[in-house]
Amino acid sequence: MPVTVKSTRKHTATPAQKEAAQARRDRFRAIVKQIAGMDAGQRVLLADRMPVTMVEGHTLSVGNQLLLARQCPDATIVGGFRQWKAQGRNVRKGEHGHMIWVPIGTGEPDADTPQPGDLDGDAKPTRLRFIIGTVFDITQTSEATDRLISYTETEAAD
């Protein structure tokens, strides 16, 4: 009997998906350049104006707060798609997320992904690797509704 082996490779991105990913990286790079062009005082004022908290309760780094300030000035509580799901909230259909740096561990950084050292021009070797992550503000979510019909409701219909 032949043994079927499941492939562990992810699907290959289509040319349109690759183009969209490159456009997203380019937008992120442009935001990083805007922030890098600010002097230290402007950065502090911008970060102090909007302390953003993650859905789990911790405050974002100053760099990520600056990135969010450029993309969504009214952000207050942010989280990833799955983080909102875990909190009983759904990201509304059609909402677009905001890009932040997400640490993922050690390794060589991807040449296409801007790194935190790009913000201040002080590129230093690091063991921590960052990728671009997507977060949504609480205003982009809604409470999850329970769509299950209870047994008593189905009995009443009979």
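(A) Quick peek at the overall build of the protein chain. A tally of regular secondary structure across the protein chain gives six helices and six strands. Beginning at the N terminus, the succession of helices and strands in the protein chain can be written as α-α-β-α-β-α-β-β-α-β-β-α. The buried share of the protein chain, taken over its 158 residues, is 28%. Long-range pairs, those at least 24 residues apart, make up 70% of the contacts in the protein chain with a sequence separation of at least 6. By element, 55% of the accessible surface of the protein chain is carried by carbon and sulfur atoms, the whole surface being about 11,300 Å².

(B) Examining helix α2 (residues 40-49) more closely. Here α2 has its buried residues at Arg43, Leu46 and Ala47. An end-on view of α2 places all buried positions within 95° of arc, on one side of the element. With respect to the buried face of α2, the exposed residues turned more than 90 degrees away are Leu45, Asp48 and Arg49. Its side-chain oxygen placed 3.1 Å from the backbone nitrogen of Gly41, Asp39 serves as the N-cap of α2.

(C) Spotlight on the packing of α2 against helix α3 (residues 62-71). Where α2 contacts α3, the two axes come as close as 9 Å, and the packing angle between them is 80°. Between α2 and α3, the crossing angle belongs to the class labelled roughly perpendicular. Residues Arg43, Leu46 and Ala47 of α2 form the contact with α3, whose own contacting residues are Val62, Gln65, Leu66 and Ala69. Here the residues of the contact of α2 with α3 sort into five nonpolar, one polar and one charged.

(D) Representation of α3 in the model. For α3, the tally of buried residues reaches seven of ten residues, placing the bulk of the element in the interior. Among all positions of α3, only Gly63, Asn64, Gln65, Leu66, Leu67, Leu68 and Ala69 are buried.

(E) Highlighting the pattern of salt bridges. In this structure the tally under the stated criterion is two salt bridges. The salt bridge involving Arg92 is made with Glu95; its shortest N-O contact spans 3.4 Å. Accessibility expressed as a relative area gives 35% for Arg92, which makes it partly exposed. For Glu95, a relative accessible area of 29% translates into the label partly exposed.

(F) Summary view of the environment of Phe136. Tracing the backbone shows Phe136 in strand β5 (residues 128-137). Filtering out sequence-adjacent residues up to four positions away, Phe136 remains in contact with Ile77, Val78, Gly79, Phe81, Trp84, Val91, Glu95, His96 and Gly97.

(G) Examining the environment of Pro103 more closely. Note that Pro103 resides in strand β4 (residues 98-106). A C-alpha to C-alpha distance of 9.1 Å links Pro103 and Gly133, two positions 30 residues apart in sequence. Setting aside chain neighbours within four positions, we find Pro103 in contact with Leu128, Arg129 and Phe130.

Procedures and definitions
Throughout this document, residue positions are counted from 1 along each chain, in the order its sequence is written. Local features in this predicted model are restricted to residues whose pLDDT is 70 or higher, and side-chain atom pairs enter the listing and the counts only when it is 80 or higher, whereas totals over whole chains, interfaces and linings include all residues. With hydrogens and water excluded, all non-hydrogen atoms of the structure serve as input to the side-chain values. In DSSP terms, a helix is any run of H or I states spanning at least four residues, a strand is any run of E spanning at least two, and both are numbered starting from the N terminus. Working definition: with a 1.4 Å probe on protein chains only, accessible area under 20% of the residue-type maximum means buried, over 50% means exposed, and in between means partly exposed. The contact definition used throughout considers only heavy atoms, calling two residues in contact when any of these lie within 4.5 Å. Residue-level accessible areas treat just the shown protein chains as cover; the underlying method is Shrake-Rupley with a 1.4 Å probe. Working definition: the arc comes from the directions between the helix axis and the C-beta atoms, pointing outward to the latter. In protein, a polar contact means a hydrogen-donor-capable atom and an acceptor-capable atom, both N or O and within 3.5 Å, with residues adjacent in sequence counting only if both atoms are side-chain atoms; elsewhere, any N or O pair within 3.5 Å suffices. Note on method: axes are straight lines fitted to C-alpha atoms, helices fitted across the in-contact stretch only, with angles between N-to-C directions ranging 0 to 180 degrees. Oblique is the label for any angle not covered by the other classes, which are roughly parallel (under 35 degrees), roughly antiparallel (over 145) and roughly perpendicular (65 to 115). Polar here means any residue other than Ala, Val, Leu, Ile, Met, Phe, Trp, Tyr, Cys and Pro, which are nonpolar, and Asp, Glu, Lys and Arg, which are charged; Gly is therefore polar. By definition here, a salt bridge exists when the distance from a side-chain nitrogen of Lys or Arg to a carboxyl oxygen of Asp or Glu is within 4 Å.

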